[in-house]
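# Chain and residue survey
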Amino acid sequence: MSALGTLTRRVGHQRWFGAAMRLLVPADRAVGRLTRGRVVALGLVPSLIVTTTGRKSGRPRSNPLLYVPDGDAYVVIGSNWGQPRQPAWALNLLAEPRAEVDVAGHRIPVRAQLATGAERDRLWRLLVDEWPAYQTYVERAGDRDIRIFRLVPDRRGTPDERGGPH
């Protein structure tokens, strides 16, 4: 891991870091879209762009997220930087689990699976190993259930063919 990556993981626990990163999400989203997921989060942590279907608008909604691999799936967490409300992308996945990810230059249709029980505990450990600040975000979020999803490649066709995100 680079020195900058190590430093980023250390300051990730700071309240100002989450606030600053929330402000940078639109720029990160644009860079990720332009590079088809090759560059997200400045390449400091494993990241992807998830495109969900807006539960109210029905329109595609894209968000950059840190992920950890789990077999051929991508594990993401709705931490929302420790904010008290759920991130919209997580609520969108609950309403419509079909989505797509842009990762390392590849666009992949996926189906979201909400992790529960022992599976959630296992995935939580993977996520905290990658980004220790998640533990801090849980404390900040209070009583909010921070959801963990496995984004499993869906080989049954692209989202466009299924009427999902474009």
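Up top is the structure these notes are about.
As the structure is a prediction and not an experimental result, all values here were calculated from the model.

A word on the overall build of the protein chain. Within the protein chain one finds 6 helices and 7 strands. The linear arrangement of helices and strands in the protein chain, starting from the amino end, is α-α-β-β-β-β-α-β-β-α-α-β-α. Across the 166 residues in the protein chain, those meeting the buried criterion constitute 50%. In the protein chain, of all internal contacts separated by at least 6 residues, the share reaching a separation of at least 24 is 69%. With the model as given, the accessible surface of the protein chain reaches about 8700 Å², and the carbon-plus-sulfur share is 54%.

What follows is about the packing of aromatic side chains. The full count for this structure, using the stated rule, is 4 aromatic pairs. Arranged with centres 5.9 Å apart and planes meeting at 80 degrees, the rings of Tyr134 and Tyr137 form a pair that is edge-to-face. Here Tyr134 and its partner Tyr137 are both found in helix α5 (residues 133-141), 3 residues apart, which amounts to about one turn of the helix. Judged by relative accessible area, Tyr137 falls into the buried class, the value being 1%.

A few words now on unusual backbone geometry. A negative phi angle characterises most non-glycine residues, just as the trans form characterises most peptide bonds. Unlike most non-glycine residues, Asn80 shows phi in positive territory, near 50 degrees. Position of Asn80 relative to the elements: it lies in the loop between β4 (73-77) and α3 (88-95). The exposure class assigned to Asn80 is buried, which follows from its relative accessible area of 17%.

A few words on the sheet that holds strand β3 (residues 68-70). One open sheet holds the 7 strands; their spatial order is β2-β1-β5-β6-β7-β4-β3, and the pairing between them is antiparallel. The two strands at the open ends of the sheet, each matched to only one other strand, are β2 (60-66) and β3. On average, each strand axis in the sheet is tilted by 35 degrees relative to the strand beside it, whichever way the strands run. Relative to β4, β3 is paired through 3 bridges, and the arrangement is antiparallel. Of the residues in β4, the one forming a bridge with Pro69 is Tyr74. Along the sheet, α3 makes contact with β1 (47-53), β2, β4, β5 (98-103), β6 (106-114) and β7 (148-153), crossing β7 at roughly 60 degrees.

Thresholds, definitions, all that
- Residues numbered from 1 in each chain as written.
- Predicted model: local features only at pLDDT ≥ 70, side-chain atom pairs only at ≥ 80, totals over all residues.
- Heavy atoms only, no water.
- Helix = DSSP H or I, 4+ residues; strand = E, 2+ residues; numbered from the N terminus.
- Buried < 20%, exposed > 50% of the residue type's maximum accessible area, 1.4 Å probe, protein only.
- Contact = heavy atoms within 4.5 Å.
- Areas by Shrake-Rupley, 256 points an atom, 1.4 Å probe, with all protein chains shown as cover.
- Phe/Tyr/Trp six-rings, centres within 6.5 Å; stacked < 30°, edge-to-face > 60°.
- Pairing = 2+ DSSP bridges.
- Axes fitted to C-alpha atoms, helices over the stretch in contact; angles between N-to-C directions.

None of this, on its own, says anything about what the molecule does.
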